[in-house]
Amino acid sequence: MRAALRYDGPDVAVLLGLVAGGHGLALLPAAALAGRPELRGVPVGTPRLVHRREMVRAPAAATGTGPAALLGRLLLGG
């Protein structure tokens, strides 16, 4: 199993501390890096960023009865 960390809190300072500690990446406005020399910003201009959600499922889940299986069938028109 691969290690994972998720932070859902509203405190940007905590998020930046996690990123500075090597625990992931964050997509934030450039102003969030002010006074944080240990962090590096990479400008993102192209492609245009859009909010998107994806659902990944195993082929066998298509015949399941759970919420993800139902959503998958509805999205595929089935």
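Structure report, in brief. Remember, it's a predicted structure, so these values are computed and weren't measured experimentally. (Residues numbered from 1 in each chain as written. Predicted model: local features only at pLDDT ≥ 70, side-chain atom pairs only at ≥ 80, totals over all residues. Heavy atoms only, no water.)

## With respect to the overall build of the chain
At step 1: Across its full length, the chain holds 2 helices and 0 strands.
At step 2: Looking at the chain residue by residue over its 78 residues, the buried ones come to 5%.
At step 3: For the chain, the proportion of contacts with a sequence separation of at least 24, taken over those separated by at least 6, is 0%.
At step 4: Here the chain displays about 7100 Å² of accessible surface, and carbon together with sulfur accounts for 62% of that area. (Helix = DSSP H or I, 4+ residues; strand = E, 2+ residues; numbered from the N terminus. Buried < 20%, exposed > 50% of the residue type's maximum accessible area, 1.4 Å probe, protein only. Contact = heavy atoms within 4.5 Å. Areas by Shrake-Rupley, 256 points an atom, 1.4 Å probe, with all protein chains shown as cover.)

## Thoughts on helix α1 (residues 12–20)
At step 1: For α1, the N-terminal capping position is held by aspartate 11, with its side-chain oxygen 3.0 Å away from the main-chain nitrogen of alanine 13.
At step 2: Just past α1, the residue glycine 22 takes up positive phi, approximately 85°. (Polar contact = N/O pair within 3.5 Å; in protein donor to acceptor, adjacent residues only side chain to side chain.)

## A closer look at the pattern of salt bridges
At step 1: Here the structure, examined in full by the defined rule, presents 1 salt bridge.
At step 2: A salt bridge links glutamate 38 to arginine 36, with the shortest nitrogen-to-oxygen separation between them at 2.7 Å. (Salt bridge = Lys/Arg side-chain N within 4 Å of Asp/Glu carboxyl O.)

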